[in-house]
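Summary of structural features
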Amino acid sequence: MNDNLCPSCKHENRAESQFCTQCGFKLSCAEPTSTSLVMLYGEGNEIVFPLKQNYTSVGRDVNNSIVLRDEKISKKHAGIILETDAYWIEDLGSKNGVHVNGKKVTHRERLYNGSLIKLGASILKFKVGLRY
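Residue numbers here run from 1 along each chain, matching the order of that chain's written sequence. Residues qualify for local features only when their pLDDT is at least 70, as the model is predicted, and side-chain atom pairs are given and counted only at 80 or more; totals for whole chains, interfaces and linings, by contrast, use all residues. Calculation of side-chain values draws on the structure's entire complement of heavy atoms; hydrogens and water are dropped beforehand.

**Some words on the pairing of strand E6 (residues 86–91)**
By the convention used here, strands pair only if DSSP detects at least 2 bridges between them. Working definition: helices are DSSP H or I runs of at least four residues, strands are E runs of at least two. Numbering for both runs from the N terminus. Of the strand pairs in this sheet, strand E5 (residues 78–83) and E6 are connected by six bridges, and their pairing is antiparallel. Residue pairing in the sheet places Glu83 in a bridge with Ala86 of E6. Taking the residues between adjacent antiparallel strands as the criterion, E5 and E6 are bridged by two residues, where Thr84 takes a positive phi near 50°. For E6 and strand E9 (residues 109–111), the ladder comprises three bridges, and the chain directions are antiparallel. Within E9, the position partnered with Ile89 by the bridge is Glu109.

Below is the structure:
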C-alpha cells in the first residue's frame, strides 16, 4: 500500500511517519550496521554484542558466541537464531529461564527491534540492524 514499511515489525506506516507507530523503530535511517544485543543491566552497561552469525549462543561458558559472567546465567543459557530475515531466541534448558518483554520463553520467541531480554540478572536490548 505504501513504501514506509517498518523493517523491524513489517507494520505499514503513513508516508510522512518517521517512526513506526507499532514498535517505535526509526523509519528514516542513514546507513546499515549490524544487528546487536546491547547490555542495559549486568556486567557493563552499553556493551554492544553484534549478531554476525546465523546462530549465536549465550551463556557463562567460554565456548559461547557471547559470554556473560552473570552467576545466574547457565553455561549454555540461550540461542539466538537468524531464520528467513527474522531473529528468534530459545532457552537451552537454563535453570533461571529466558524472558522476552517480561514473558518466559517456553518455545522459540521472535525478537523485534527493542525487545528486552532477561537472562539471569542481566537485561539486554535487541537492536535491529539499522543505525539511528
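**Overview of the sheet that holds strand E2 (residues 48–50)**
Strand order in the open sheet made by the six strands is E2-E1-E11-E10-E7-E8, with antiparallel pairing throughout. Edge positions in the open sheet fall to E2 and strand E8 (103–104), since each of these has one partner strand only.

**Quick word on the sheet that holds strand E4 (residues 66–67)**
Taken in spatial order, the five strands make up an open sheet running E4-E3-E5-E6-E9, and their pairing is mixed. A single partner strand is all that each edge strand has here, and the edge strands are E4 and E9. Two strands pair when backbone bridges link them, and strand E3 (residues 55–59) and E4 are joined in this way by two bridges, in the parallel orientation. Bridge pairing in E4 links Gly59 to Val67.

**Considering unusual backbone geometry**
A positive phi angle, close to 50°, is found at Asn101, a residue other than glycine. Mapping Asn101 onto the fold places it in the loop between strand E7 (98–100) and E8.

**As for the nonpolar core**
What is meant by a nonpolar core is a set of buried Ala, Val, Leu, Ile, Met, Phe, Trp, Tyr and Cys residues, joined one to another through side-chain atoms within 4.5 Å. Buried residues are those whose accessible area, probed at 1.4 Å on protein chains only, stays under 20% of the maximum for their type, while exposed residues exceed 50% and partly exposed ones sit between those limits. In this structure, Leu37, Leu68, Ile89, Ile117 and Leu119 are the most contacted members of the largest nonpolar core, which totals 21 residues. Listing elements by their share of this core, those giving two or more residues are strand E1 (36–41), E5, E6, E7, strand E10 (116–119) and strand E11 (122–127). Only heavy atoms enter the contact rule, under which two residues are in contact if any of them lie within 4.5 Å. Look past the residues within four positions of Ile89 in its chain and what remains in contact with it is Ala78, Gly79, Ile80, Val98, Val100, Val105, His107, Arg108, Glu109, Leu111 and Ile117.

**Concerning the confidence of the model for the protein**
Scored between 0 and 100, pLDDT is the confidence that the predictor attaches to each residue. Of all residues in the protein, 82% attain a pLDDT of 70 or more, and the chain-wide mean is 84. Per-element mean pLDDT across the protein ranges from 86 in E2 up to 98 in E7.

**Comments concerning the environment of Ala121**
Following the sequence through the fold, Ala121 ends up in the loop between E10 and E11. Judged by its relative accessible area of 31%, Ala121 falls in the partly exposed class. Sequence separation between Ala121 and Tyr41 is 80 residues; the distance between their C-alpha atoms is 7.8 Å. Residue contacts for Ala121: discarding those within four places in its chain leaves Tyr41, Asp70 and Lys72.

**Remarks on the side chain of Asn113**
Of note, Asn113 is situated in the loop between E9 and E10. The class for Asn113 is buried, based on a relative accessible area of 9%.

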